[in-house]
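Given next are the chains, with one letter for each unit.
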Amino acid sequence: MRIGFNAQIISERNAGVANYARSLIESLAALQDGHQYFIYGSEGYLQTLPPGRTQGIPSASWVRGSWRRILWEQTLLPIAAARRGIDVMLYPDHVSPLMLRTVPSIITIHDLAFLTHPEYFGRGRVLYKSAAVRRSVRSARAIIAVSQHTKDECIRLLDVPDDLVTVVHNGIDPSFRPFAGAEQREAGRALLGMSRPFLLFVGTLEPRKNIVRLIEAFALLKRRTSIDHDLVIAGGKGWLYDEIFEAIRRESVAGSIRIAGHVNHAELLALYNLADVFVYPSLYEGFGFPPLEAMACGCPTVVSNRSSLPEVVGEDALMVDPESVEAIAAAILQVLEDEDLSGNLRRRG
């Protein structure tokens, strides 16, 4: 078959869906399945494609930013795919062409937060995603959901037939693993420029990640206990993030919180391996990569008991009510003080 892949999102982000798309392309290219893969995306990304049965087709140079990408994938992409005789197009980010349905489509649904928690997004984004995803699932030949939780929401909120949706849980890069020994740990500390013990959060700075309550829980621990840890928050700015910085100022913990921003892969591995606790109190996830990455690196993990996270971590992380600052603080302290618990979580993770 001639299989097309909309990879434009890889050029615009370095997290979540973009990582999913990049890894999927690399894995498809490695299969000995006799198919041809046509990857539509930015010229910069296409130059990094693995050799083999993948052919890169660059998008126009003006396709930058979400609204220009939408215009391109709704108009020019389906025409180009039809002209090339593509048998099926893979769309890794919820939406396929709405009007020009020239080629059968398979779409991946990562979450339906724009429907369940519209307050976390701008009004324009909610209106577009709600309409576009509803139309996309109606025309799709198949739908991939990244968790059973997401599949259940597709059936409940989008009225999708059960047999149209296949659950394919996300995997993680095998490079996420524990450091081999003290020498690698020291090299990691040198890379990060950090000597103090720390707690870790990784994710986009946005309301549903619940970072404000994490900061409040951290400040609570600083006031009530003798922990000497810092809190490292790694991830790019998303939207509606001003409250996070206001919470840092309000709780007077600026000296103990490090906003790391985007980190590269080597830095991320070091953070996961060196953190004493990874804390992910997200209010909603369609899957949730960071807890799984942290667990694979042997970092004791505390997660929210909401949405897909119990499904993802199983019984190998500590789960808490994400709306309770006291509960988040108590779980962190429990891991820090109970060596048997933290050791067990490291091994099981």
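This one's a predicted model, so the numbers in the text were calculated from it and none came from an experiment.

Further remarks concern the sheet that holds strand E1 (residues 2-6). Paired through their backbone hydrogen bonds, the strands of a sheet run either parallel or antiparallel. Ordered by their spatial adjacency, seven strands build an open sheet running E3-E2-E1-E4-E5-E6-E7, and the pairing between neighbours is parallel. Looking along the sheet, the strands with just one partner apiece sit at the ends: strand E3 (54-58) and strand E7 (165-167). In this sheet, neighbouring strand axes are inclined to one another by 25° on average, regardless of whether the strands run parallel or antiparallel. In this structure, E1 lies alongside strand E4 (residues 88-91), joined through three bridges in parallel fashion. Residue Gly4 lies in a different strand from E4, and its bridge partner there is Met89. Contacting strand E5 (105-109) and strand E6 (142-145), helix H6 (residues 123-139) runs over the sheet at an angle of about 135° to E5.

Attention now moves to unusual backbone geometry. Although it is not a glycine, His94 sits at a positive phi angle of roughly 75°. Residue position: His94 is located in the loop between E4 and E5. Look at Asn210: it is not a glycine, yet its phi comes out positive at around 65°. Mapping Asn210 onto the fold places it in the loop between strand E8 (198-202) and helix H9 (211-224).

Counted according to the given criterion, the structure contains eight aromatic pairs. With a centroid separation of 5.8 Å and 65° between ring planes, the pair formed by Phe176 and Tyr272 is classed as edge-to-face. Pair noted here: Phe176 is in the loop between E7 and helix H8 (182-192) and Tyr272 is in helix H11 (residues 265-274), with a separation of 96 residues, a long-range link. In terms of burial, Phe176 and Tyr272 fall into one category: buried. Directly above the ring of Trp239 sits Arg125, whose terminal nitrogen or CZ lies 5.0 Å from the centroid.

Thresholds applied
- Residues numbered from 1 in each chain as written.
- Predicted model: local features only at pLDDT ≥ 70, side-chain atom pairs only at ≥ 80, totals over all residues.
- Heavy atoms only, no water.
- Pairing = 2+ DSSP bridges.
- Helix = DSSP H or I, 4+ residues; strand = E, 2+ residues; numbered from the N terminus.
- Axes fitted to C-alpha atoms, helices over the stretch in contact; angles between N-to-C directions.
- Contact = heavy atoms within 4.5 Å.
- Phe/Tyr/Trp six-rings, centres within 6.5 Å; stacked < 30°, edge-to-face > 60°.
- Buried < 20%, exposed > 50% of the residue type's maximum accessible area, 1.4 Å probe, protein only.
- Lys NZ or Arg CZ within 6 Å of the ring centre and 35° of its normal.

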